[in-house]
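Remarks on the overall topology
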Amino acid sequence: GGLGEAGPSDGLADADVRLAGLRLFQYDLEGCERLARRAGEIAEASGAEGARIWAMGFVGSAVAGRGNEEGLNLLDRSFEEAVTAGFYSIATNMLVNSLGARYSYGRAAEVLGRLVLFERLPPSSSVVMMRGLTEANALAAGGQPARAAELHSRGLEDRRGVGVVTLVERGAVMMVGELTK
């Protein structure tokens, strides 16, 4: 079934998870889900716990992105499992995806109430930046564009300062989209 002679491995599971993430960034939700499900199967077979959790989250992201709120349950579960296992970068990724899906469903007030979940992660510049971007987008989606623009501007400078250009560009596009609705 495509695994070749080597069989399932942590490396193969990680590769498929990363490819699923790239598909998600390209808004290829079907491709993301397909690769994430395969990564999850490989991770299960090889005992790659981090890859399994991350794959579950990307399945959730793809499912939620197609309008099925069941994806939120998978995202929330992947966040909880990642925090419990100490996979904090995966937890951060899945929390941001979960909250992003919620404000795309018009649940900005819920996102603002769930920002407290960032406190379960060890402090880092990444966590601070992602919390700020998430809060700004939720405020914009919730009808508070002035406060959102203030937070977003501050966050853009922070992200530029650490060289996170892709996130800066994506955040700016999202903010313009929310402010022009």
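To be clear, the structure that these remarks concern was listed above.
Along each chain, the written sequence defines residue order, and numbers are assigned to residues from 1. Confidence filtering applies because this is a predicted model: local features only for residues at pLDDT of at least 70, side-chain atom pairs given and counted only at 80 or more, and all residues used for totals across whole chains, interfaces and linings. Values reported for side chains reflect all heavy atoms of the structure, with hydrogen atoms and water molecules removed beforehand.

Observations regarding the environment of Leu-19
Mapped onto the secondary structure, Leu-19 falls in helix α1 (residues 10–25). Put simply, Leu-19 and Gly-31 are 12 residues apart on the chain and 9.0 Å apart in space, counted from C-alpha to C-alpha. Labels follow the DSSP assignment, with helices taken as runs of H or I lasting at least four residues and strands as runs of E lasting at least two, numbered in each case from the N terminus.

A word on the nonpolar core
Put simply, buried Ala, Val, Leu, Ile, Met, Phe, Trp, Tyr and Cys residues joined by side-chain atoms within 4.5 Å make one nonpolar core. Type-normalised accessible area, obtained with a 1.4 Å probe on protein chains alone, sets the label of each residue: buried when under 20%, exposed when over 50%, and partly exposed for intermediate values. Judged by nonpolar contacts, the single largest core of 45 residues is most densely connected at Val-17, Phe-58, Phe-79, Met-94, Leu-95, Phe-118 and Leu-121. Contributions of two or more residues to this core are made by α1, α2 (29–46), α3 (49–65), α4 (70–85), α5 (88–104) and α7 (125–141). Note on definitions: a residue-residue contact is assigned when non-hydrogen atoms from the two residues lie within 4.5 Å. Non-local contacts of Met-94, meaning those with residues more than four positions away in its chain, are made with Trp-54, Gly-57, Phe-58, Leu-75, Ser-78 and Phe-79.

Focus: unusual backbone geometry
Positive phi values are uncommon outside glycine, yet Tyr-27 reaches one of about 60 degrees. Its location among the elements puts Tyr-27 in the loop between α1 and α2.

Section: α3
Taking 1.5 Å of rise per residue, the 17 residues of α3 would be expected to cover 24 Å, and the 24 Å separating its terminal C-alpha atoms lies within 8% of that figure. With 15 of 17 residues buried, α3 is to be regarded as a mostly interior element. Gly-67 occupies a position one or two residues after α3 and carries a positive phi of about 95 degrees. A helix is expected to span 1.5 Å multiplied by its residue count minus one.

With respect to α4
Look at α4: 23 Å from first C-alpha to last across 16 residues, which is about the 22 Å you get at 1.5 Å a residue. Buried residues belonging to α4 abut α3, α5 and α6 (108–114). Downstream of α4 by one or two residues, Gly-86 has phi in the positive range, about 80 degrees.

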